[in-house]
Amino acid sequence: MEKETKQKNPWEHTIALPQTTYPMRADLAKRENDILAIWKKESLFQKINAKRKAENAPLFLLHDGPPYANGEFHTGHGLNKVLKDIFNKYNLLRGKRVPYVPGWDCHGLPIELAAIKKLANKKDGSDKDPIRIRQACREYAAEYIKIQAEDQTRFGVFWDDSDVKTAQNNESALFYATMSPKYEASILKAFRDLFLKDLIYKGKKPVYWDATTASAHAEAEIEYQEHESPSVYVKFPVQGEKELYVVIWTTTPWTLPANLGVSFGEKIQYEIVETEQGRLVLAVELAPKVLEVAGLSAKSRKPVSIDEIKALHVRHPFIDRESKVLFGDHVTVEAGTGIVHTAPGHGQDDYVVGLKYGLDVLSPVDHRGRYTKEFAEMEGKSVFEANPLIIEKLKGLGLLLQASTFKHQYPHSWRSHKPLIMRATPQWFLKIDPLRDRALEEIKKVEWIPEWGESRFTAAVKTRPDWCLSRQRYWGVPIPAFQCKDCGHVHLDEGGLNYVIDLVEKSGVEVWYEKQAAELLPQGTKCGECGSSNFEKESDILDVWFDSGVSWYAVLKQNPELGFPADVYLEGSDQHRGWFQSSLWPALALTGKAPFRKVVTHGYILDQQGRAMSKSLGNGMSPRADIINKFGADILRLWVSSEDYRTDNKIGPEMINHLGDAYRKIRNTLRYLLGNTQDGKALGAQGLTPDTTSSSASSALGAQGLTPDTTSSSASSALGAQGLTPDTTSSSASAIELDKLITQKLDKWVLAEAAELVKQVTDAYDKSEFHLVYHRTLQFCTVTLSNLYLDMVRDSLYCDATPVSPSTTGTRRLRPPERPASGGGREGELVAASERRNSTLRTLQILTETLVTLLAPVLSFTAEETQRVLTPNHSVFENAWPDLTRFANADLIKEFEQLKQVRAEVNTAIEPMRKAGEVGSDVEVEVEIPQQAEEGTLLRFLGVSSVKTGASALKVRKSAKPKCPRCWLHRDLRASGLCERCDAVVNA
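Since this is a predicted model, take the numbers as computed values, not measurements. (Residues numbered from 1 in each chain as written. Predicted model: local features only at pLDDT ≥ 70, side-chain atom pairs only at ≥ 80, totals over all residues. Heavy atoms only, no water.)

J.: Whenever I open this one, the overall build of the protein confuses me. Can you help?
T.: Scanning the protein from terminus to terminus reveals 28 helices and 29 strands. Compactness check: the protein gives a C-alpha radius of gyration of 38 Å against a globular reference of 30 Å for 988 residues, more than 25% above the reference. Counting the 988 residues in the protein, one finds 57% classified as buried. In the protein, of all internal contacts separated by at least 6 residues, the share reaching a separation of at least 24 is 75%. (Helix = DSSP H or I, 4+ residues; strand = E, 2+ residues; numbered from the N terminus. Rg over C-alpha atoms; globule rule 2.2 N^0.38 Å. Buried < 20%, exposed > 50% of the residue type's maximum accessible area, 1.4 Å probe, protein only. Contact = heavy atoms within 4.5 Å.)

Here is the structure:
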């Protein structure tokens with residue numbers, strides 16, 4: 001039996017099927033690198049900004065919060081960097097000048113610990129040498145600046161990376177590194193200016209202290225974790241009174257050796273409760289709870305006045321000294337006993353009330369969290385080891401009322417992840433109180449995204465204590481203070497600061513460590529107290545948050561291409577207590593205003609199950625290895641835009657696969673648009689492309705019989721005549737002239753929908769709601785275009801008359817194959833294209849560039865690839881933002897909403913016929929509807945063979961007319977065997 005062969009349709013070559021050089025398979029992981037190479041070769045980012053500068057375009061400035069130059073970027077960095085890039089690219093497309101100077105935070109403990117670990121592997125003692133440590137830190141940070149810079153570029157971020165690998169000492173105007181000599185000098189200049197405003201001081205105050213790393217911590221360096229603490233109720237004996245005790249509650253028994261007082265609240269009512277364990281002074285409101293916890297009963301109760309409390313002489317429970325009666329606003333009845341154990345050296349509230357009453361700032365704990373000889377009984381013991389020992393001591397003395405443990409959120413070091421202690425040490429501070437009221441005023445002027453950021457930031461500002469600026473480490477910018485060896489006086493003045501700043505600006509902070517004190521001070525410097533010239537250097541460095549917090553000073557204020565304040569600061573929500581605060585205080589002090597006009601925060605990265613990513617769970621995702629190298633950066637960027645970044649964001653393999661499906665829908669839509677416009681050249685082949693060198697549409701290109709070689713795999717060979725020009729979506733004269741081609745109601749409707757899309761997407765970008773950009777655009781591509789419009793215009797695109805030029809290589813000749821090539825007098829003439837098809841071609845042209853421009857800030861690589869098919873030497877980022885207001889038509893959209901309802905009803909009516917096998921497709925169906933509508937538009941909208949209006953009810957039936965073998969519509973056929981339209985086209 002002979003094998004059956006499918007009969008070839010003899011009219012196949014007369015159908016104008018989509019043809020494009022735009023590949024179906026994205027192959028983003030490879031193709032994106034080619035696009036990066038084009039951008040680099042053209043210096044695109046620099047070129048556009050130079051043009052905008054020449055045009056005196058408005059400035060948009062997003063100031064980059066510097067990531068640590070420590071390790072490769074994780075997915076959180078990907079989210080952060082892509083969000084910033086979306087902001088920048090959108091504003092670039094809106095005609096603004098958008099310089100972007102990314103930065104790197106290079107000092108601080110994470111880098112120091114990594115460098116020490118690396119040196120320790122050498123086993124030559126270099127990990128103990130401060131000079132070698134600092135050198136290793138600098139080399140380590142420089143290495144990761146290069147690695148992270150490469151990641152940033154690969155994400156598709158627009159910035160000038162031309163000197164990131166070659167800049168001497170990381171000194172550049174194109175990026176900033178906090179370890180460059182110029183930046184380090186700027187840090188000291190900011191410190192100097194704050195000092196001259198009397199906002200810097202040195203004092204002994206309790207600060208959060210990490211005994212593991214032996215360093216102070218600022219508020220921004222604290223993270224809260226669950227921790228189990230002791231809970232003890234302690235009896236403080238009252239001198240001269242039998243069995244009378246003041247009862248306190250504490251979760252830090254280790255601080256009791258530093259106790260100097262017991263604090264009451266003047267507005268709180270107290271009483272003396274007689275119990276099995278003596279007479280106890282308690283707050284009236286809390287007494288029942290304390291008795292319940294201690295398992296005691298009240299034999300009697302007696303109110304005690306504030307004056308009676310003031311007259312008490314309270315003794316320390318196990319050290320022979322008085323514990324003074326104090327009164328403070330920090331005492332409440334929310335928990336405990338209403339009386340607070342007060343150790344000024346180990347708590348901020350304690351310190352404040354102690355200052356009020358002239359108490360010493362006692363802190364018998366060293367830098368490793370061990371007791372000193374000031375508490376000789378447990379000298380050398382760590383404070384956490386001492387907790388159970390002190391509880392046992394209290395128990396033995398009969399002064400422990402009750403003891404237990406409880407779990408709660410406790411401050412830990414973000415560096416070592418160990419629990420912190422409060423410990424008073426001599427530190428350098430920035431005064432906050434003189435700035436607080438102004439800060440609260442400035443906060444109200446800032447736009448906060450999300451809005452709740454304002455209340456969160458305000459709460460942090462209201463309670464912020466003085467900023468502890470000093471750290472006890474090697475790697476950082478030194479606090480250029482000196483101490484007189486003869487009298488101990490701390491020396492810091494303007495002349496000395498300027499002298500050190502000049503040295504650092506030339507040689508970096510290493511000069512501080514390489515030179516002796518006398519070489520770092522102006523000649524003739526004397527101690528202000530004793531007149532001695534015998535000084536030694538202090539060893540503290542500045543808090544790394546101060547380094548990045550003055551980036552507005554070191555970068556924005558110093559670079560004439562930038563400005564102050566920045567339009568946007570964008571970081572994770574944890575920066576409400578971090579970089580946003582550390583930037584605010586110096587800026588307020590030195591300029592009187594906040595360094596940002598808008599603050600945007602994003603959430604944390606979670607896995608698909610909503611869990612935080614961690615090494616132990618193995619649920620992390622690398623943006624390069626797990627996403628970009630497999631799927632492409634545009635998939636990472638699509639994920640960023642698909643999520644509401646204002647909340648925590650989930651990511652995982654399933655989500656990436658789902659986004660891949662969404663991406664393919666968008667890409668296939670763009671490919672179909674390109675295919676039907678012959679990569680944007682279909683109108684150009686008819687002489688219908690405007691001459692962009694002239695403002696007059698009448699000077700359009702002449703009759704171009706040239707049809708591009710769409711069979712070539714090379715985009716450049718297929719793109720000779722650049723038919724789609726950068727302004728074809730605008731309201732320019734040439735564009736408006738081309739718009740006259742749009743005569744069909746269906747085309748006008750989809751352009752009205754596109755105008756609404758532009759309005760919605762623009763509004764979403766303006767409000768920084770990028771997830772709406774994704775959802776609106778995807779819906780437009782999949783529903784409005786693919787499901788509706790493109791399905792409705794397919795017949796006219798494929799089968800209506802198209803231009804023919806037999807002299808052009810590669811041109812598709814619209815004639816039946818059996819017709820002789822040399823026959824007929826019209827063979828060498830251009831066959832007139834149908835008005836209906838040209839209307840749709842112009843519409844597709846507008847839709848294509850509208851979509852690529854709207855998508856460019858998000859799908860930067862795909863938008864650029866698409867635009868380069870249209871215009872090889874023109875970037876999508878050189879486009880004007882789409883302006884389709886001339887097509888806006890709310891009435892037409894409303895009218896078509898009604899037609900959509902008709903379409904749905906017709907489809908419902910056809911479905912039983914389809915299921916029964918009576919019809920295979922809608923084109924086999926004839927329809928009658930009761931509604932009145934333009935039948936030509938309705939016929940295309942419904943996609944059936946014929947439609948009649950004004951019927952008594954909806955009727956559907958299989959068409960009795962034959963099927964046209966060319967267009968497959970059921971029509972009356974002519975002698976040629978084709979319907980009237982197809983006969984006219986092929987026999988023209």
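J.: What am I meant to see in helix H10 (residues 383–396) here?
T.: Each turn of an α-helix holds 3.6 residues, which means side chains three or four residues apart point in the same direction. Compared with an ideal rise of 1.5 Å per residue, which puts 14 residues at 20 Å, H10 spans 20 Å between its outermost C-alpha atoms and is within 8% of the ideal. Restricting attention to buried positions, one finds in H10 the residues Val383, Ala386, Asn387, Ile390, Ile391 and Leu394. Glycine 398 occupies a position one or two residues after H10 and carries a positive phi of about 75°. (Expected span 1.5 Å × (residues − 1).)

J.: Help me understand the nonpolar core in this model?
T.: Here is a general trend for soluble globular proteins: nonpolar side chains tend to be buried in one another's company. In terms of nonpolar packing, the biggest core is built from 215 residues, with Phe546, Tyr789, Leu847 and Phe877 touching the most fellow members. Here this core gets 15 residues from one element, more than from any other, and that element is helix H23 (residues 770–799). Contacts of phenylalanine 546, omitting those with residues within four sequence positions, involve Ile187, Ala190, Phe191, Leu194, Trp467, Leu469 and Pro586. Residues Phe236, Ile248, Leu286 and Met378 belong to the second largest nonpolar core, which totals 57 residues. (Core = buried A, V, L, I, M, F, W, Y, C linked by side-chain atoms within 4.5 Å.)

J.: Just checking my understanding: could you explain the pattern of salt bridges for this structure?
T.: Close approach of charged atoms lets side chains of opposite charge pair. If you walk through the whole model with that rule in mind, you get 67 salt bridges. Put simply, glutamate 184 and arginine 138 hold a salt bridge, and the shortest N to O gap is 3.3 Å. One end of the pair, glutamate 184, is in helix H6 (residues 181–196); the other, arginine 138, is in helix H5 (residues 130–154), and 46 residues separate them in sequence. For glutamate 184, a relative accessible area of 0% corresponds to the buried category. In this structure, arginine 315 and aspartate 320 form a salt bridge, with 2.7 Å as the shortest nitrogen-oxygen distance. Of the residues examined, aspartate 320 reaches a relative accessible area of 72% and is grouped as exposed. A cluster of three or more residues bridged by salt bridges with shared partners is formed by Asp64, Lys81, Lys84 and Glu571. (Salt bridge = Lys/Arg side-chain N within 4 Å of Asp/Glu carboxyl O.)

J.: Sorry, what's going on with the domain arrangement of the protein here?
T.: By a frequent convention, interface size equals the accessible area lost on bringing the separate parts together. According to the domain assignment, the protein contains domain 1 (54–189 + 548–664), domain 2 (200–212 + 427–437 + 452–546), domain 3 (228–407) and domain 4 (917–987). One C-alpha centre belongs to domain 1, the other to domain 3; they are set 47 Å apart. (Domains from an automatic or database assignment.)

J.: Looking at this structure, how should I read the packing of helix H3 (residues 75–93) against helix H19 (residues 633–642)?
T.: In helix packing, the relevant descriptors are the interaxial angle and the interaxial distance, both defined with respect to the helix axes. Look at H3 against H19: their axes get within 9 Å of each other, and the N-to-C directions meet at 80°. As judged from the angle between their axes, H3 and H19 are roughly perpendicular. Contacts from Thr75, Gly78, Leu79, Val82, Leu83, Asp85, Ile86 and Lys89 of H3 reach H19 at Leu636, Arg637, Trp639 and Val640. (Axes fitted to C-alpha atoms, helices over the stretch in contact; angles between N-to-C directions. Parallel < 35°, antiparallel > 145°, perpendicular 65-115°, else oblique.)

J.: For this particular structure, what's the right way to read H19?
T.: Of all 10 residues that make up H19, 10 are buried, and the element is covered over most of its length. Listed as buried for H19 are Ala633, Asp634, Ile635, Leu636, Arg637, Leu638, Trp639, Val640, Ser641 and Ser642.

J.: Before we go on, may I ask you to explain the packing of H6 against helix H13 (residues 494–507) in this structure?
T.: Relative orientation of the contacting elements H6 and H13 amounts to 170°, with a least axis distance of 8 Å. Taken together, the axes of H6 and H13 are roughly antiparallel relative to one another. Where H6 approaches H13, its residues Pro181, Glu184, Ala185, Leu188, Lys189, Phe191, Arg192, Phe195 and Leu196 are matched on the opposing element by Glu494, Leu497, Asn498, Val500, Ile501, Val504 and Glu505. Residues that form the contact of H6 with H13 fall into these classes: 10 nonpolar, 1 polar and 5 charged. (Nonpolar A, V, L, I, M, F, W, Y, C, P; charged D, E, K, R; others polar.)

J.: So what exactly am I meant to see when it comes to the side chain of aspartate 85 here?
T.: Within the fold, aspartate 85 resides in helix H3. There is a polar contact of 2.7 Å between the side chain of aspartate 85 and the side chain of arginine 637. Ignoring sequence-local partners within four residues, the contact set of aspartate 85 consists of Gly156, Val157, Phe158, Arg637 and Ser860. (Polar contact = N/O pair within 3.5 Å; in protein donor to acceptor, adjacent residues only side chain to side chain.)

J.: Where do I start with unusual backbone geometry in this structure?
T.: The peptide bond linking isoleucine 449 to proline 450 adopts the cis configuration, its omega dihedral lying at -5°. Relative to the assigned elements, proline 450 resides in the loop between strand S16 (447–449) and helix H12 (452–463). With an omega dihedral of -5°, the bond running from phenylalanine 564 to proline 565 counts as a cis peptide bond. Within the secondary structure, proline 565 sits in the loop between helix H16 (551–556) and strand S23 (566–572). Located in the positive-phi region is serine 43, a residue other than glycine, with phi close to 50°.

J.: What is the right way to look at the environment of leucine 400 in this model?
T.: Here leucine 400 is to be found in strand S14 (residues 400–413). Taking relative accessible area as the criterion, leucine 400 reaches 16% and is therefore assigned buried. C-alpha of leucine 400 to C-alpha of leucine 938: the two residues are 538 residues apart in sequence and 89 Å apart in space. The residues contacting leucine 400, other than those within four sequence positions of it, are Val232, Tyr233, Gln277, Ile391, Leu394 and Lys395.

J.: Sorry, what's going on with the environment of leucine 854 here?
T.: Along the chain, leucine 854 falls in helix H24 (residues 835–855). The exposure class assigned to leucine 854 is buried, which follows from its relative accessible area of 0%. If we skip the residues at most four places from it in the chain, leucine 854 touches Leu757, Val758, Val761, Tyr765, Val773, Trp881 and Pro882.

J.: Sorry, what's going on with the sheet that holds strand S29 (residues 955–958) here?
T.: Strand pairing within a sheet occurs via backbone hydrogen bonds; the two strands may be parallel or antiparallel. Pairing within the open sheet is mixed, and its 3 strands lie in the order S28-S27-S29. Among the strands making up the open sheet, the edge pair consists of strand S28 (946–948) and S29. Between one strand and the next, the sheet's axes are offset by a mean angle of 15°, whatever the strand orientation. Examined bridge by bridge, strand S27 (residues 925–928) and S28 share 3 bridges and lie parallel to one another. When the sheet's bridge partners are listed, glutamate 926 is paired in S28 with serine 946. (Pairing = 2+ DSSP bridges.)

J.: Before we go on, may I ask you to explain the UniProt feature "short sequence motif: 'HIGH' region" (unreviewed entry) in the protein in this structure?
T.: The residues that UniProt annotates with the feature "short sequence motif: 'HIGH' region" (unreviewed entry) are residues 67–77. Here residues 67–77 runs as 27% helix and 0% strand, with 8 Å between its end C-alpha atoms. (UniProt positions renumbered as here; feature names shortened; annotations may be inferred.)

J.: Got a minute to help me understand the sheet that holds strand S19 (residues 482–484) in this structure?
T.: Taken in spatial order, the 3 strands of this open sheet run S20-S19-S21, and their pairing is antiparallel. The strands lining the two open edges of the sheet, one partner per strand, are strand S20 (490–491) and strand S21 (535–537). Across 2 bridges, S19 lies against S20 in antiparallel orientation. Residue phenylalanine 482 lies in a different strand from S20, and its bridge partner there is histidine 491.

J.: Looking at this structure, how should I read the environment of alanine 888?
T.: Of note, alanine 888 is situated in the loop between helix H25 (860–870) and helix H26 (890–915). Between the C-alpha atoms of alanine 888 and valine 750, which are 138 residues apart in sequence, the distance is 10.0 Å.

J.: I tried to follow the state of the cysteines on my own but got confused; where do I start?
T.: Each disulfide consists of one covalent bond between the sulfur atoms belonging to two cysteines. Scanning all chains against the criterion turns up 0 disulfides. There is no disulfide at cysteine 979, and the cysteine sulfur nearest it, in cysteine 982, is 3.6 Å away. Looking at cysteine 979, the relative accessible area reads 4%, which means it is buried. (Disulfide = S-S within 2.5 Å.)

J.: Looking at this model, I keep getting lost on the layout of surface pockets. Mind explaining?
T.: Remark: the empty space left among the atoms is shown by a probe the size of a water molecule rolled over them. Here the second largest pocket is characterised by a volume of approximately 1300 Å³. Residue lining of the second largest pocket: 44 residues in total, with His346, Gly347, Gln348, Asp349 and Asp350 positioned closest to the centre. Mapped onto the lining of the second largest pocket, the elements with two or more residues apiece are strand S4 (200–210), strand S7 (244–250), strand S13 (340–342), helix H9 (348–357), S14, strand S15 (421–430) and strand S17 (467–468). In terms of residue class, the lining of the second largest pocket is built from 22 nonpolar, 15 polar and 7 charged. Two domains share the lining of the second largest pocket, each providing at least three of its residues, namely domain 2 (200–212 + 427–437 + 452–546) and domain 3 (228–407). (1 Å grid on protein atoms, 1.4 Å probe; cavity = no way out; pocket = protein on both sides within 12 Å on 5 of 7 lines; lining within 4 Å. Points joined across faces, edges and corners; volume = space filled by probe spheres on them.)

J.: Explain the packing of aromatic side chains here, please?
T.: Aromatic rings in a pair are described by how distant their centres are and how their planes are angled relative to each other. Following the criterion strictly, the structure yields 36 aromatic pairs and no others. Considering the side-chain rings of tyrosine 90 and tyrosine 765, the 4.6 Å spacing of their centres and the 15° angle between planes classify their relative orientation as stacked. One end of the pair, tyrosine 90, is in helix H3; the other, tyrosine 765, is in helix H22 (residues 745–766), with 675 residues separating them in the sequence. There is no split in this pair, since tyrosine 90 and tyrosine 765 are both buried. (Phe/Tyr/Trp six-rings, centres within 6.5 Å; stacked < 30°, edge-to-face > 60°.)

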